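The chain contents come next:
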There are 2 protein chains.
Amino acid sequence: MKNVNIRELARELNLSPSTVSKALRDSYEISAATKERIRALAEKLNYIPNAYAGSLRGRKSKNIAVVLPEVADSFFSIAINGIEAAVKPKGYHVIIYLTHESYAGEAAILKDFQSGRVDGVLLSVSRETTTAAHVQELLEKEVPVVFFDRVLEAVPVPKIVTDDFESAYRATTHLIEQGCRRIAYLGLSESLSICNRRREGCEQALEDHSLPCLRRNMLTCSTDATQNFRMVKKLLQHPERPDGIIASVEKLTATVYQACQQLALHMPEDIRLVCFSNLEIATILQPSLSTVTQPAFDMGKAAAETLVKWLEKRTLTAKDVRIVIPSELMVRGSSGK
Amino acid sequence: MKNVNIRELARELNLSPSTVSKALRDSYEISAATKERIRALAEKLNYIPNAYAGSLRGRKSKNIAVVLPEVADSFFSIAINGIEAAVKPKGYHVIIYLTHESYAGEAAILKDFQSGRVDGVLLSVSRETTTAAHVQELLEKEVPVVFFDRVLEAVPVPKIVTDDFESAYRATTHLIEQGCRRIAYLGLSESLSICNRRREGCEQALEDHSLPCLRRNMLTCSTDATQNFRMVKKLLQHPERPDGIIASVEKLTATVYQACQQLALHMPEDIRLVCFSNLEIATILQPSLSTVTQPAFDMGKAAAETLVKWLEKRTLTAKDVRIVIPSELMVRGSSGK
DNA sequence: TTGAAAGCGCTAACAA
DNA sequence: TTGTTAGCGCTTTCAA
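- As recorded in an unreviewed UniProt entry, chain A goes by the name LacI family transcriptional regulator, listed as coming from Chitinophaga flava.

In structure tokens:
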């Protein structure tokens, strides 16, 4: 069964394609009666406009791309919901692209957008991404890009972030107040904006409390779970092992719990842990996991709203350039008493 | 900066657009020398073909849609990786659409595909979906659809599933062998294929062991977490409360653990639990969670491969009609000793 | 109020 | 081996 197109509708009604087109877009040029006839037939024949023709013609696709490192992560999976919530009422389609934390993947995806495949892009960069050329190139083609969470500071586009420095500072201070003196930080990447800010927040808190910040306690994890486990275990077997951990990476939660179990270290007596995470099951872990809970939904929503504003040519005001939505420190069993 | 198109390349080289087009698609008609000149210029000018023009012309988009209930679920987030793995080497793009467990949402998305927006669809239906008209309509437009995991049996298209009946049967039998006599089943929906098969597997196991299958122990959860919590709690407060639970829904893991905690029921002594789940943190829960682990990656991969085969007109053999990949019962602390 | 015609960028018959 | 031409489905001047 072939698809009905505008020409067929026109033929059926003894009208011209242009009249039909106008009627369907509710143009003032067309009489109410004609509009009604046309709409009725379109409905009856189940006419569905060809998206490609429209996009080719009008250079608007009503698609926005969401480019993410991965989706098996509570932050991103929730952020997607926020994005959809913001964008659906405006009639945009959300298309999710996964980089799998690879810079090459990310660059290839953005490259593809240069031909106008999408109207705009929401981007959270991969852990490997250090340069911005691929984003710049896209911007030169006048495809709007809005960063969220993992941003590239060098690129002059709107950024929606959380208060990574402050929340890491708060989490670290909390650990110190609980009596921790040797605090370790586990990051995801040396280059990622969020990881560096969190590390800095952690370091600042240590400094403000005149505590040492040891090189060996500031670690960056790999993509390999086994290796991460070894790394964490080694960290905890050191004669002067840390008594507090700030984990910047949700995935490390399981690793730390397991390592503690194997080494018979008890949380929170022997060691305290706070993890950046939006995992729902944080509460049912034993002990329950203290988290820095990021405003995932709201960040996605804000990012999408900013992009839409841009797409609709409503000039972005200075305050859109950087939106910071605070995270919340949820003290639970792994760091509380 | 405008985008370069084929005409500009042609003008620059004093060639015709069609020559350029052919060269770029490596046609045998074009001399090696010309091909090289064209390719070099395309590279230099960073030529990127307009996807819409190609799709409009050739009625192929090289996009495949993945329509999912949600993405904040370990099964789906892993399945996506399997799909991408299968499809990337074939040059297809994966576009993820979310129904949020809503039939209306699902129908709207599929409707949109009728105009050829995507070449094919991988579908796992929403919990609300009971009818197949929306899928049928799409098939009539000759858009291939392949089901995975949550299938609609009535639609004659390939289905990639796991052995829901058998694995529920195995899990239930396991609970019985551990001494459970009053086993409850928690489902996601009354209509969902997978839920019904799992329930049936559970019931069959009970019957085969001459155990009663009580109405009040076969529950269906809602979308509201608070309500689910109440439901589970009520279940566990019954004078003849169950001593074993098969949970068909990953999200209920936290609910059950919390309810047990509140009611001071200990797993596995007081009650045993097996959950259909691919959550990585199953191992670090206290007690660690026994799971029916679904072959999420392989199911996604198989579904995508089947779809690609169909798209490439390689006739689907009878064995492609239904692929069953077995799940694995992982006995851990919540049901073991 | 309606229609004719051109063109978005690309490809494939067909001609040269 | 290369070029000419038509057309995918739609919108939008401009003319009737």
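## A look at the sheet that holds strand E7 (residues 218-220) of chain A
Residues and elements named next belong to chain A.
Piece 1. In space, the 6 strands of this open sheet follow the order E7-E6-E8-E9-E10-E12, with mixed pairing throughout. Looking along the sheet, the strands with just one partner apiece sit at the ends: E7 and strand E12 (328-330). Averaged over all adjacent pairs, the angle separating strand axes in this sheet is 15°, with direction ignored.
Piece 2. Sheet topology places strand E10 (residues 290-293) next to E12; 3 bridges connect them, and they run antiparallel. The residue bridging Thr293 from the neighbouring strand is Glu328, located in E12.
Piece 3. Together, strand E6 (183-187), strand E8 (244-247), strand E9 (272-276), E10 and E12 form the strand contacts of helix H8 (residues 164-177), whose direction differs from that of E9 by roughly 165°.

## Section: the nonpolar core
Piece 1. In terms of nonpolar packing, the biggest core is built from 140 residues, with Phe113(A), Val121(A), Leu186(A), Phe113(B), Val121(B) and Leu186(B) touching the most fellow members.
Piece 2. In this structure, Val121(A) is in contact with Ala65(A), Val67(A), Leu110(A), Phe113(A), Leu138(A), Val143(A), Pro144(A), Val145(A), Val146(A) and Leu307(A), ignoring residues within four places of it in sequence.
Piece 3. Grouped together as the second largest cluster of nonpolar side chains are 56 residues, Val71(A), Ala86(A), Val66(B) and Ala296(B) included.

## Looking at the UniProt feature "domain: HTH lacI-type" (unreviewed entry) in chain A
Piece 1. Following the UniProt record, one finds the feature "domain: HTH lacI-type" (unreviewed entry) at residues 4-58 of chain A.
Piece 2. Structurally, residues 4-58 of chain A comprises 67% helix and 0% strand, and the distance from its first C-alpha atom to its last is 20 Å.

## Focus on the interface of chain A and chain B
Piece 1. Contacts between chain A and chain B engage 50 residues on the former and 50 residues on the latter.
Piece 2. Taken over both partners, the interface formed by chain A and chain B buries close to 4800 Å², and the fraction arising from carbon and sulfur atoms is 55%.
Piece 3. Here chain A and chain B share 0 salt bridges between them.
Piece 4. At the surface where chain A touches chain B, the tally comes to 16 residue pairs in polar contact (both at pLDDT 80 or more).
Piece 5. Elements with a minimum of two residues in the side of chain A that touches chain B: helix H4 (51-58), helix H5 (74-87), strand E2 (93-98), helix H6 (103-113), helix H7 (133-140) and helix H11 (252-262) of chain A.
Piece 6. Partitioning the side of chain A that touches chain B into residue classes produces 21 nonpolar, 18 polar and 11 charged.

## Here we look at the protein's contact with DNA strand D
Piece 1. In the vicinity of DNA strand D, 24 residues are found, and the nearest of them are Ile6(A), Tyr47(A), Arg57(A), Lys22(B) and Arg57(B).
Piece 2. Of what DNA strand D places within 4 Å of the protein, 59% of the atoms are sugar or phosphate.
Piece 3. Between DNA strand D and the protein, one listed contact pairs a phosphate oxygen with a backbone N or O atom of Ile6(A) at 2.6 Å.
Piece 4. At the level of elements, helix H2 (17-24) and H4 of chain A together with helix H2 (17-24) and helix H4 (51-58) of chain B are the ones that each hand at least two residues to the surface near DNA strand D.
Piece 5. When the residues that make up the surface near DNA strand D are grouped by side-chain class, the tally is 7 nonpolar, 10 polar and 7 charged.

## Here's the deal with the protein's contact with DNA strand C
Piece 1. Neighbouring DNA strand C are 25 residues; Lys22(A), Arg57(A), Ile6(B), Tyr47(B) and Arg57(B) lie closest to it.
Piece 2. Of what DNA strand C places within 4 Å of the protein, 61% of the atoms are sugar or phosphate.
Piece 3. Ser21(B) is positioned with one of its side-chain polar atoms (N or O) 2.8 Å from a phosphate oxygen of DNA strand C.
Piece 4. Breaking the surface near DNA strand C down by element, the ones donating at least two residues are H2 and H4 of chain A together with helix H1 (6-13), H2 and H4 of chain B.
Piece 5. Considering only residue class, the surface near DNA strand C consists of 7 nonpolar, 10 polar and 8 charged.

## Digging into the side chain of Asp243(B)
All names here are of chain B.
Piece 1. Following the sequence through the fold, Asp243 ends up in the loop between helix H10 (225-237) and strand E8 (244-247).
Piece 2. No salt bridge is formed by the buried Asp243. Its closest oppositely charged neighbour is Arg182, at 4.2 Å.
Piece 3. Those residues in contact with Asp243 that sit more than four places away from it in its chain are Gly179, Cys180, Arg181, Arg182, Ile183, Asp270, Ile271 and Arg272.

Conventions we followed
Residues numbered from 1 in each chain as written. Chains lettered and ligands numbered in written order. Predicted model: local features only at pLDDT ≥ 70, side-chain atom pairs only at ≥ 80, totals over all residues. Heavy atoms only, no water. Pairing = 2+ DSSP bridges. Helix = DSSP H or I, 4+ residues; strand = E, 2+ residues; numbered from the N terminus. Axes fitted to C-alpha atoms, helices over the stretch in contact; angles between N-to-C directions. Contact = heavy atoms within 4.5 Å. Core = buried A, V, L, I, M, F, W, Y, C linked by side-chain atoms within 4.5 Å. Buried < 20%, exposed > 50% of the residue type's maximum accessible area, 1.4 Å probe, protein only. UniProt positions renumbered as here; feature names shortened; annotations may be inferred. Buried area = accessible area lost by both parts, 1.4 Å probe. Salt bridge = Lys/Arg side-chain N within 4 Å of Asp/Glu carboxyl O. Polar contact = N/O pair within 3.5 Å; in protein donor to acceptor, adjacent residues only side chain to side chain. Nonpolar A, V, L, I, M, F, W, Y, C, P; charged D, E, K, R; others polar. Near = heavy atom within 4 Å. Lys, Arg positive; Asp, Glu negative; His and termini not counted.

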